[in-house]
Amino acid sequence: MSIWPMTFGIACCAIEMMGVGMARFDMARFGFEVFRPSPRQADLLIVAGTVNKKIAPVVKRLYEQMPAPRYVMALGNCAISGGPFAIEGQYNVITGVDNIIPVDVYVPGCPPRPEALLEGLFAIQKKMTGRRWWPEPQGGQL
Ligand code: SF4
């Protein structure tokens, strides 16, 4: 079953998302490659990067423009908790995108490995359909 993620990257974790779309990790082989330029055509929002107070309303607006059922992945420590920017006295970073929109799957790392993003996509797919469509990785390789 295919997933149509939205083309939306905020910071460095988005580079890993791009890597997963390229030949080496090749998300196309699992049917996830149809990145959509519009939230109205997407069923997955991958929050890839640091969510600061300026971009937070944009993230929320994009989420609200997606048709239901819609899913959200927090990719990387910044999207999960503010990551390295969640320090005392900081004034600009949201300490977790789940403070503004619901999150279905969390993929930790700074940045997460591309394989971790693929596993996150498998988890989203399982949430969508109730079953895992791809075998568990053997020896850490996907
Ligand atoms: S988790 Fe690390 S790699 Fe990802 S956006 Fe934050 S600082 Fe960049």
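Structure: see above.
Residues numbered from 1 in each chain as written. Predicted model: local features only at pLDDT ≥ 70, side-chain atom pairs only at ≥ 80, totals over all residues. Heavy atoms only, no water.

S.K.: Mind showing me how you'd approach the overall build of the protein chain here?
M.R.: Summing up its helical and strand segments, the protein chain has 4 helices and 3 strands in all. Put simply, the protein chain runs from its N terminus to its C terminus through helices and strands in the order α-β-α-β-α-β-α. Relative to its length of 142 residues, the protein chain is compact, with a C-alpha radius of gyration of 15 Å against a globular reference of 14 Å. By residue count, 41% of the 142 residues in the protein chain fall in the buried class. Summarising the internal contacts of the protein chain: among those between residues at least 6 apart in sequence, 76% fall at separations of at least 24. The average position of the 14 basic charges and that of the 11 acidic charges among the side chains of the protein chain differ by 5 Å. (Helix = DSSP H or I, 4+ residues; strand = E, 2+ residues; numbered from the N terminus. Rg over C-alpha atoms; globule rule 2.2 N^0.38 Å. Buried < 20%, exposed > 50% of the residue type's maximum accessible area, 1.4 Å probe, protein only. Contact = heavy atoms within 4.5 Å. Lys, Arg positive; Asp, Glu negative; His and termini not counted. Charge placed at Lys NZ, Arg CZ, Asp CG, Glu CD.)

S.K.: Please clarify how the packing of helix 1 (residues 13-21) against helix 4 (residues 114-129) should be interpreted in this entry.
M.R.: Helix packing geometry: the angle between the two helix axes and the distance between the axes. Taken N-terminus to C-terminus, the directions of helix 1 and helix 4 make an angle of 80°; their axes are 9 Å apart at the nearest point. In terms of orientation, helix 1 lies roughly perpendicular with respect to helix 4. The segment helix 1 lies against helix 4, with E16, M17 and V20 engaging P114, L117 and L118. Tallied by class, the residues present in the contact of helix 1 with helix 4 amount to 5 nonpolar, no polar and 1 charged. (Axes fitted to C-alpha atoms, helices over the stretch in contact; angles between N-to-C directions. Parallel < 35°, antiparallel > 145°, perpendicular 65-115°, else oblique. Nonpolar A, V, L, I, M, F, W, Y, C, P; charged D, E, K, R; others polar.)

S.K.: Just checking my understanding: could you explain the site of the ligand for this structure?
M.R.: Taken together, A11, C12, C13, G49, T50, N77, C78, P84, F85, G109, C110 and P111 make up all the residues around the ligand. Residue classes in the shell around the ligand are distributed as 8 nonpolar, 4 polar and no charged. (Near = heavy atom within 4 Å.)

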